[in-house]
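# Observations on the model geometry
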Protein chains: 2
Amino acid sequence: MTNSDDGLPGDDSITGQERRSRSTRRKILESAVQCLATKGWNASTVGVIADAAGTSRGALQHHFPTREDLIIAALDYMFDQRVRQVDEELGRFVEDEGREEHVVGLLLDYYSGTLFKAALQVWTVAGADEELRKHVLPLERKFARAVHDLAVRLLRADDSDPDTHRMIQATLDLARGLGLADVLADDSARRARIAAVWAVQLRGIKSLPA
Amino acid sequence: MTNSDDGLPGDDSITGQERRSRSTRRKILESAVQCLATKGWNASTVGVIADAAGTSRGALQHHFPTREDLIIAALDYMFDQRVRQVDEELGRFVEDEGREEHVVGLLLDYYSGTLFKAALQVWTVAGADEELRKHVLPLERKFARAVHDLAVRLLRADDSDPDTHRMIQATLDLARGLGLADVLADDSARRARIAAVWAVQLRGIKSLPA
């Protein structure tokens, strides 16, 4: 293994101090996402996030000089983690039978998790804040591309077919809409029913040969 | 006409002072939605909204004692207005040919307008604020039911058929997701392509006889 979870050189080449610093960094990033999702944008101050990570404000600012740096890094880090997880999880799912149901269910649940709720806080504020939007837009585009590619791969879809490409996009837009519906109250039962109906629609997309 | 736009008794029974007060109330509500959509939750203070409405803070607070009262009333008022508009607009569209395209296009654009952007600001904050959520949830449920009924009526769908019911729900979840995608940057071109693909899917729902 040459790379650890955070994309830095592997554990074999680093000192104990570097390892601790990296572990602190990871805890800060995870706490930032957790705070945003549960306490919202305004309450997720640098002080609150440092507390939740069990570190000091100074230590946090050593890693992330501004609140904006921290929040963007946190979303980016958690996103990479989650994409890798979903990818691995579905790499093990090889059957063709019921593939659409499985993939749609997973994608829809993914958009109702902590990461989506944290991102929603940031996207919404960025919608009315030009300065923040400049930082958020490239990240949003990266996320959109990566999740699209993931869905294409998992569904074994022929993305070169225009209607198939749009149905994949619609699937992710639907997932985002269902994620938003889950923000005020638990919407998982309804979401499961929608997933079942949607999976049937997806059977019509063009597939690549296995 | 016995009722005016704001659901109060019609113009024939009120005095000039009442008429002015009602007009101020309407301007305040419209300004609140506009401010939320363009400046975001934090910047939409009572003072900023009063300024935008060309009225005083005192006059605003005469109509709406708290910021929360104002924001909930503003979303509610604008929502009723918009549903009525869409209803009238589509009441005039009687052709069966291309009906799905027309309705889907309208619903999708509706969720990318000012009202959705204002509501998103409030929903997102409410997602992490239990007190606000108590006020917002009944409103959200009212909106969800009313837009569902509207979509059913416009599509002349047989909502008693479970799959049809879910496809209508999915359409609105998709619309919400596309609305969210439009918050950071203009997404109208992509939205139009998704609408076209989705309208084709909707041809499979069960219709009521005309």
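If you're wondering where the values come from, they're calculated on a predicted model, not measured in any experiment.

### Side note on the UniProt feature "DNA-binding region" (unreviewed entry) in chain A
The positions UniProt marks with the feature "DNA-binding region" (unreviewed entry) are residues 45-64 of chain A. Split by type, residues 45-64 of chain A is 70% helix and 0% strand. Its first and last C-alpha atoms lie 13 Å apart.

### Some details on the packing of helix α6 (residues 114-127) of chain A against helix α7 (residues 130-155) of chain A
The description of two helices packed together rests on the angle between their axes and the distance between the axes. All names here are of chain A. At their nearest, the axes of α6 and α7 sit 9 Å apart, and the two run at 130° to each other. Between α6 and α7, the angle falls in the class oblique. Every pair of crossing elements has a handedness; the one defined by α6 and α7 is left-handed. Every residue of α7 that contacts α6 at V122, W123, V125, A126 and G127 is listed here: L132, R133, V136, L139, E140 and F143. When the residues that make up the contact of α6 with α7 are grouped by side-chain class, the tally is 8 nonpolar, 1 polar and 2 charged.

### A closer look at the UniProt feature "domain: HTH tetR-type" (unreviewed entry) in chain A
Taking the numbering used here, the UniProt-annotated feature "domain: HTH tetR-type" (unreviewed entry) corresponds to residues 22-82 of chain A. Regarding residues 22-82 of chain A, the helix share stands at 79% and the strand share at 0%, and the terminal C-alpha atoms are separated by 19 Å.

### A few points about the relation of the copies chain B and chain A
Overlaying chain B on chain A yields an RMSD of 0.0 Å, the required transformation being a rotation through 180° with an accompanying axial translation of 0.0 Å. Considering both components of the superposition, the chain copies are consistent with a two-fold axis. The residues that chain B uses at the interface reappear at the interface of chain A in 100% of cases, marking a shared surface.

### Quick notes on helix α9 (residues 188-202) of chain B
Note that an α-helix has 3.6 residues per turn; residues three or four places apart therefore point the same way. Taking 1.5 Å per residue as the helical rise, α9(B) with its 15 residues ought to reach 21 Å, and the 20 Å between its terminal C-alpha atoms agrees with that figure. Buried within α9(B) are the following residues: R190(B), R191(B), I194(B), A195(B), V197(B), W198(B), A199(B), Q201(B) and L202(B). Contacts from the buried residues of α9(B) go to α8 (162-181) and α9 (188-202) of chain A together with α5 (99-110), α7 (130-155) and α8 (162-181) of chain B.

### Description of the nonpolar core
Core analysis: the biggest nonpolar cluster contains 137 residues, and L75(A), V122(A), W198(A), L75(B), V122(B) and W123(B) have the highest contact counts within it. Leave out the neighbours within four places in its chain, and L75(A) touches V33(A), L115(A), A118(A), A119(A), V122(A), W123(A), L139(A) and F143(A).

### So, the pattern of salt bridges
A full pass over the atoms with the stated rule returns 22 salt bridges over all chains. One salt bridge connects D182(A) with R191(A), and the closest N-O pair in it is separated by 3.1 Å. Among the residues examined, D182(A) registers a relative accessible area of 10% and is labelled buried. Notably, a salt bridge pairs R203(B) with E101(B), separated by 2.5 Å at the nearest N-O pair. A residue pair is termed long-range when its members are at least 10 positions apart, and R203(B) in the segment after α9 and E101(B) in helix α5 qualify at 102 residues. Judged by its relative accessible area of 48%, R203(B) is partly exposed. E101(B) sits in the partly exposed class, given a relative accessible area of 30%. Residues participating in the shared-partner salt-bridge network are D109(A), K117(A), D182(A) and R191(A).

### Concerning the interface of chain B and chain A
The extent of an interface is frequently quoted as the accessible surface area lost upon association of the parts. Taken together, the 39 residues of chain B in the interface contact 39 residues of chain A. Buried surface at the junction of chain B and chain A, both sides included, amounts to about 3,300 Å², of which 67% is carbon and sulfur. When the buried surface of chain B facing chain A is broken down by residue, T124(B), L180(B) and L184(B) rank first, second and third, together holding 20% of it. Where chain B packs against chain A, one counts 2 salt bridges. R190(B) is paired through a salt bridge with D173(A); the nearest N and O atoms lie 2.9 Å apart.

### Topic: the side chain of T164(A)
All names here are of chain A. Along the polypeptide, T164 turns up in helix α8. The class of T164 is buried, set by a relative accessible area of 1%. Not counting residues within four places of it along the chain, the set of residues in contact with T164 comprises A157, D158, I205 and K206.

### What to know about the side chain of D173(B)
Following the sequence through the fold, D173(B) ends up in helix α8. The residues contacting D173(B), other than those within four sequence positions of it, are D173(A), L174(A), G177(A), L178(A), A181(A), R190(A) and I194(A).

### Observations concerning the confidence of the model for chain A
Across chain A, the average pLDDT comes to 89, with 90% of residues at or above 70. Counted against residues more than four places away or in other chains, residues 1-5 of chain A, with its pLDDT under 50, gives 15 contacts.

### Looking at the packing of aromatic side chains
All names here are of chain A. Under the defined criterion, the tally for this structure stands at 9 aromatic pairs over all chains. Look at W123 and F143: their rings are 6.0 Å apart centre to centre, the planes differ by 25°, and that puts the pair in the stacked class. Taken together, the positions of W123 in helix α6 and F143 in helix α7 put the pair 20 residues apart, joining distant regions of the chain. By relative accessible area, W123 is classed as buried at 10%. When its relative accessible area of 9% is taken as the criterion, F143 is described as buried. Each member of the aromatic cluster is reached from another via a ring pair, and the members are F79, W123 and F143. In this arrangement the basic side chain of R67 is found over the ring face of W41, its NZ or CZ atom lying 4.3 Å from the centre.

Calculation rules
Residues numbered from 1 in each chain as written. Chains lettered and ligands numbered in written order. Predicted model: local features only at pLDDT ≥ 70, side-chain atom pairs only at ≥ 80, totals over all residues. Heavy atoms only, no water. UniProt positions renumbered as here; feature names shortened; annotations may be inferred. Helix = DSSP H or I, 4+ residues; strand = E, 2+ residues; numbered from the N terminus. Axes fitted to C-alpha atoms, helices over the stretch in contact; angles between N-to-C directions. Parallel < 35°, antiparallel > 145°, perpendicular 65-115°, else oblique. Left-handed = near helix turned anticlockwise from the far one by under 90°. Contact = heavy atoms within 4.5 Å. Nonpolar A, V, L, I, M, F, W, Y, C, P; charged D, E, K, R; others polar. Least-squares fit on C-alpha atoms with pLDDT ≥ 70 in both. Expected span 1.5 Å × (residues − 1). Buried < 20%, exposed > 50% of the residue type's maximum accessible area, 1.4 Å probe, protein only. Core = buried A, V, L, I, M, F, W, Y, C linked by side-chain atoms within 4.5 Å. Salt bridge = Lys/Arg side-chain N within 4 Å of Asp/Glu carboxyl O. Buried area = accessible area lost by both parts, 1.4 Å probe. pLDDT = per-residue confidence, 0-100. Phe/Tyr/Trp six-rings, centres within 6.5 Å; stacked < 30°, edge-to-face > 60°. Lys NZ or Arg CZ within 6 Å of the ring centre and 35° of its normal.

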